[in-house]
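This is what each chain is made of:
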Amino acid sequence: MCAHHPSCPPADRPDRQAARVVASHPEQGWSLLCNGVILFDDTGQLLPNGQQVPPHRPSRGRLAVAV
């Protein structure tokens with residue numbers, strides 16, 4: 001699907017989010033990547049095969065706290 005050089009990572013690789021955005025819909029909260037992955041603003045993903053990847057937010061223990 002990707003015609004970029006170097007090619008974007010395929011949808012079945014862990015680095016799939018590094019693919020280029022081909023359609024952005026920020027008002028709806030999602031973007032379509034050139035590898036067919038739909039990336040949601042909450043970091044969740046929908047892969048081309050229909051598999052859902054849940055959002056991966058940092059744990060609360062890693063957030064910086066202002067003092």
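About the thresholds
- Residues numbered from 1 in each chain as written.
- Predicted model: local features only at pLDDT ≥ 70, side-chain atom pairs only at ≥ 80, totals over all residues.
- Heavy atoms only, no water.
- Helix = DSSP H or I, 4+ residues; strand = E, 2+ residues; numbered from the N terminus.
- Buried < 20%, exposed > 50% of the residue type's maximum accessible area, 1.4 Å probe, protein only.
- Contact = heavy atoms within 4.5 Å.
- Core = buried A, V, L, I, M, F, W, Y, C linked by side-chain atoms within 4.5 Å.

Asker: Help me get a handle on the environment of V37, residues and values and all.
Answerer: With respect to the helices and strands, V37 occurs in the loop between β2 (30-33) and β3 (38-40). Using a relative accessible area of 0% as the deciding quantity, one classes V37 as buried. Sequence separation between V37 and L47 is 10 residues; the distance between their C-alpha atoms is 4.8 Å. Beyond its immediate stretch of four places on either side in the chain, V37 contacts A11, R16, S31, L32, Q45, L46, L47 and P48.

Asker: Describe in detail the nonpolar core, supporting the description with residues and values.
Answerer: Counting 9 residues, the largest nonpolar core consists of C8, A11, A19, L33, C34, V37, L39, L47 and V53. The contacts of V53, once residues within four sequence positions are left out, are R16, G44, Q45 and L47.

Asker: Break down unusual backbone geometry for me, with residues and values.
Answerer: A negative phi angle is the norm for most residues apart from glycine, just as the trans form is the norm for most peptide bonds. Phi angles above zero are rare outside glycine, and T43 is one such case at about 80 degrees. Within the element layout of this structure, T43 appears in the loop between β3 and β4 (45-46). A relative accessible area of 24% places T43 in the partly exposed class.

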